[in-house]
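Structural description and commentary
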Amino acid sequence: MFAHIFVYRLKTLLRDRSNLFWTAIYPIILAFFYALAFTNINTADSFEAFPVGVVDNAEYRSQAYFIEALESVSQEGDNKLFDVTLMTLEEATDSLNNNKIVGYILFDGGARVVVKSSGLKQTILKGFMDSYLQQSSAVMSILHDNPAAAGSLVLPDRGDYIRPAELAGGKTDVTVIMYYGLIAMAVMFGGFWGRREVEDIQADLSAQAARINLSPVHKLKAFVCSLCAALLIQIVSLLVLFLFLALVLGVDFGPNFGYVALTCVVGGVMGVTFGALLAALIKGSEGLRLAVMLTVSLLSSALAGMMFPTIKYIVVEAVPALSYINPANLVSDALFALYYYGPGPRFTLNLTLMLAFSAVFSLAVYIVMRRQKYASL
Amino acid sequence: MPVFKAYFTVIRKNVSTLIVYFVVFAVMATVFIKIMGGGGPEEFTSVRNDIVIRSADNTPLVEGLIDFLGQHANIVSLAEGDSLEDALFFGRVDDVLIIPEGFTESLMSGGGEVRLERSSSSLTGSAVNTDLLIGRYLDLARLYILNVPGISQEALVTRVARDLDNAVKVEIAADAAQFKAGDVSDTFRYMAYTIIAILIVGVTSIMLAFNKPEVSLRNRCAPVSPAKMNMQLFAGNLLFTLAVWALLGVLAYILSGQTGIGPNLLLLYLNTLVFSIAALSIAFLAGKFIKGFGAQSAVANVLSLGLSFISGIFVPQALLGETVLKIASFTPTYWYIKAVETITDLSVFSFENLKPVYTDMLIQLGFAAAFFILALAASKQKRQSADG
């Protein structure tokens, strides 16, 4: 009997093209778009020298030390900050207005920097000029104390004081959070299958369900068998999504593929039972159930970092409790924990909570659905 | 004008879906303007990194360095239980600086083999700013160490601090202060996504309603010529497009707190209008191929998100790969975004500067024409095969 219901249910569900699209295909398409858009994002943030103008006038030409200092940061090499062009004041104003340069340096009774707006590049330009003025002040003060040092003054090269270090093995690719958020969204979209299962067995939600309630099969048995078919489809689509991300798009999941697959399986159960619960609780029209489900799924995956990774952290910081009740965040945090720390207490906590949620959802669905009597069908 | 009236009856039936897009747009615009938009350009402000410092070397020199960093960056201390790794990974902290023991000693002796360790977030990309700040302080310190033999740490810190009082004057160019570009450019970028999504949902709903076999057959025997019917549908489409454009435009204007309409904003609106027409042509073409309501939301979603991702609506064009941009240049969205980026940076409105903007707009109109012709050709073929 189980096999009979299961097989026919599977065939029915596989013909539900709309649900299949949203749960199995849509996340893959979205992942593909992500991959197109994010290919360069991690390489693009390395610093690049930017164009700066220097107004070429008599006062500038008299600043021998400055010219030397400017040269040291405009020659090719690791220290390069600026692409320097000498120009007249008019050319400089014009170039600035047309965004050909970030700003220009003008000596006009002392040094000045002219820019168009505030920003990182402008800050670096100001920092360089500050540094030059401060070095000059230091040299003056040394010579003031000891005029004899003028001949033997040692001007140090720009020092190398910093060793770039990387916390936790250099895992800095924050875009993985968006892919994990995408898996979380696919988990939540599994709710569409749970919704379909409940709608097809609650006699007040569809005509087909009314017919099934008349059949000589225990309702719980019929429901569990069909739900298993839905679970199978959802878990397989999640695993396909994971393999697509890991093998085709090359998203980094850490070395523990087995645990990631386990997260997908548990996530499958959680998503489907979540949808079943929503459908069992909301009595109104199909459109209303769909709207609530979409809103909850998208909002929870957005908070889990699907669109902006930083949001996930902001939520943890501002409302720590929310990050533990948001089912989507449990999924993305479990995957993040695996990627960043490996299978440890944080992963276990997330997975346990996912299991607990699945149990609570299932129990609630059971309580809502059992022994319902219909006065008139 | 019965057809024209019917057009807006159908739109009204779908109004809840359309409102969702407007609400999402309003939320996104507010986020862009309030959180991501910087202050106005009236006064220069330096960028301040958020730095966490862990020092194992408690000397006057290190204190002086931390003091200096505190003036030019935000020194962040994480709350108990917050993970430093998480904060750095998610970009809430820009840099983590570790000062190892013996750093001061190695610097004072002139050797400098003990170095600071800095980990930086890949999200913000402003590590160079922190490096330069640290370099500035330590370069000055070394100048004294090398030239004033036997200088004490305390004397060193005082003298360096005095030198650090020197700062260059920074001016904001007078022409720049008119237009708060950074605040609205993101909103106008995102607007393209909303326009495509709304127009596809709206226009395809109409076409689905009118192309239902029984409706279409009934209409063909109505005492209204097909040409007239198409003209009214066309007028409906145009009015709908204009209404969406105007509504979004007003929303963007209010949310960004603009106080006047300068030439930049005018150009941005013109560009959006041109793009709306191109988006209408896309929606019209998509409508020719959509058979049912299930397919409608799928196509609307995939088409609007796909175009947005590849042409720089969600991720700036500067960060996209070359191949992606090549593909994107075959869509009007790419040219729309390109024009938005050019317009926001404009401050001199000479013909030479405006030429690329007008070119981008003309290309969008070219796309619109091409898509309309394709759609008309497709429908003619469909009708002929149906009649035959």
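Rules used throughout
Residues numbered from 1 in each chain as written. Chains lettered and ligands numbered in written order. Predicted model: local features only at pLDDT ≥ 70, side-chain atom pairs only at ≥ 80, totals over all residues. Heavy atoms only, no water. Helix = DSSP H or I, 4+ residues; strand = E, 2+ residues; numbered from the N terminus. Rg over C-alpha atoms; globule rule 2.2 N^0.38 Å. Buried < 20%, exposed > 50% of the residue type's maximum accessible area, 1.4 Å probe, protein only. Core = buried A, V, L, I, M, F, W, Y, C linked by side-chain atoms within 4.5 Å. Pairing = 2+ DSSP bridges. Contact = heavy atoms within 4.5 Å. Polar contact = N/O pair within 3.5 Å; in protein donor to acceptor, adjacent residues only side chain to side chain. Nonpolar A, V, L, I, M, F, W, Y, C, P; charged D, E, K, R; others polar. Phe/Tyr/Trp six-rings, centres within 6.5 Å; stacked < 30°, edge-to-face > 60°. Domains from an automatic or database assignment. Axes fitted to C-alpha atoms, helices over the stretch in contact; angles between N-to-C directions. pLDDT = per-residue confidence, 0-100.

1. Considerations on the overall build of chain A
Helix and strand content of chain A: 16 helices and 5 strands. In terms of overall dimensions, chain A is more spread out than a globule: its C-alpha atoms have a radius of gyration of 32 Å, far above the 21 Å expected for 377 residues. Here the C-alpha coordinates of chain A stretch approximately 110 × 45 × 35 Å along the principal axes. Each of the 377 residues in chain A was classed as buried or not, and the buried ones make up 50%.

2. A short note on the nonpolar core
Side chains that are nonpolar tend, in soluble globular proteins, to be buried together. Counting residues in each nonpolar core, the largest one holds 161 residues, and the members touching the most others are Tyr 34, Tyr 180 and Phe 253 of chain A together with Phe 89, Phe 188 and Phe 240 of chain B. With 18 residues, the single largest contributor to this core is helix H8 (residues 181-211) of chain B. Judged by nonpolar contacts, the second largest core, of 32 residues, contains Ala 138 of chain A together with Ile 53, Ile 99 and Leu 143 of chain B.

3. Some thoughts on the pairing of strand E4 (residues 116-120) of chain B
In terms of burial, E4 of chain B is largely enclosed, as 4 of its 5 residues are buried. In this sheet, E4 of chain B lies alongside strand E5 (residues 162-164) of chain A in parallel orientation, the contact comprising 3 bridges. Note on E4 of chain B: the bridge partner recorded for Ile 162 of chain A is Leu 116 of chain B.

4. Notes on the interface of chain A and chain B
Interfaces are often described in size by the accessible area the parts lose on coming together. Counting from both sides, the interface comprises 84 residues of chain A and, opposite them, 77 residues of chain B. Our enumeration of links across chain A and chain B arrives at 26 residue pairs in polar contact (both at pLDDT 80 or more). Contributions of two or more residues to the side of chain A that touches chain B are made by helix H2 (17-38), helix H5 (89-97), strand E4 (111-115), helix H6 (120-145), E5, helix H7 (175-189), helix H13 (309-318) and helix H15 (327-340) of chain A. Element by element, the count of residues in the side of chain A that touches chain B is highest for H6 of chain A, at 18 residues. Residues belonging to the side of chain A that touches chain B are distributed by class as follows: 47 nonpolar, 21 polar and 16 charged.

5. Considerations on the side chain of Ser 106 of chain B
Residue and element names in this part refer to chain B. Tracing the chain through its elements places Ser 106 in helix H5 (residues 103-108). Judged by relative accessible area, Ser 106 falls into the buried class, the value being 5%. A polar contact is formed between the side chain of Ser 106 and the backbone nitrogen of Val 114, at a distance of 3.3 Å. Not counting residues within four places of it along the chain, the set of residues in contact with Ser 106 comprises Gly 111, Gly 112, Glu 113 and Val 114.

6. Some words on the side chain of Gln 153 of chain B
Here Gln 153 of chain B shows up in helix H7 (residues 153-163). Of the polar contacts made by the side chain of Gln 153 of chain B, one reaches the backbone nitrogen of Leu 61 of chain B; its length is 3.1 Å.

7. Section: the packing of aromatic side chains
Residue and element names in this part refer to chain A. Under the counting rule described, the total for this entry stands at 50 aromatic pairs over all chains. Where Tyr 60 meets Phe 107, the ring centres are 6.4 Å apart and the plane angle is 35°; that geometry is what we call tilted. Residue Tyr 60 is found in helix H3 (residues 58-61), and its partner Phe 107 is found in strand E3 (residues 103-107); the two are separated by 47 residues along the sequence. The pair formed by Tyr 60 and Phe 107 is uniform in burial state, with each residue classed as buried.

8. Focus: the domain arrangement of chain A
Under the domain assignment, chain A is made up of domain 1 (2-41 + 173-369) and domain 2 (50-168). The C-alpha-based centres of domain 1 of chain A and domain 2 of chain A are spaced at 56 Å.

9. Some details on the sheet that holds E4 of chain A
One open sheet accounts for 5 strands, arranged E2(A)-E1(A)-E3(A)-E4(A)-E5(B); its pairing is mixed. The sheet is open, and its two edges are formed by strand E2 (82-87) of chain A together with strand E5 (169-172) of chain B, each paired on a single side. The average undirected angle you get between the axes of adjacent strands in this sheet is 25°. In this structure, E3 of chain A lies alongside E4 of chain A, joined through 5 bridges in antiparallel fashion. The partner of Ile 105 of chain A across the bridge, within E4 of chain A, is Val 113 of chain A. This element, H6 of chain A, spans strand E1 (50-55), E2, E3 and E4 of chain A together with E5 of chain B of the sheet and lies at about 175° to E4 of chain A.

10. What to know about the environment of Ser 131 of chain A
Relative to the helices and strands, Ser 131 of chain A resides in helix H6. Sequence separation of Ser 131 of chain A and Ala 69 of chain A is 62 residues, and the distance between their C-alpha atoms is 9.9 Å.

11. Quick look at the domain arrangement of chain B
Along its sequence, chain B is organised into domain 1 (2-39 + 176-387) and domain 2 (50-169). For domain 1 of chain B and domain 2 of chain B, the distance between their C-alpha centroids amounts to 50 Å.

12. Observations regarding the confidence of the model for chain A
Of all residues in chain A, 95% have pLDDT values of 70 or greater, and the mean over the chain is 87. Of all the helices and strands in chain A, E5 of chain A carries the lowest mean pLDDT, 81, while helix H11 (residues 257-281) of chain A carries the highest, 95.

13. Quick look at the sheet that holds strand E1 (residues 50-55) of chain B
Strand order in this open sheet of 5 strands is E5(A)-E4(B)-E3(B)-E1(B)-E2(B), and the pairing throughout is mixed. In this open sheet, the two edge strands, each paired with only one partner strand, are E5 of chain A together with strand E2 (74-75) of chain B. Here 5 bridges tie E1 of chain B to strand E3 (residues 95-99) of chain B, and the two strands are oriented parallel to one another. Paired with Val 52 of chain B across the strands is Val 96 of chain B, a residue of E3 of chain B. Relative to E1 of chain B, helix H3 (residues 60-72) of chain B is tilted by about 170°, and along the sheet it contacts E1, E2 and E3 of chain B. Contacting E5 of chain A together with E1, E3 and E4 of chain B, helix H6 (residues 127-147) of chain B crosses the sheet at an angle of about 160° to E4 of chain B.

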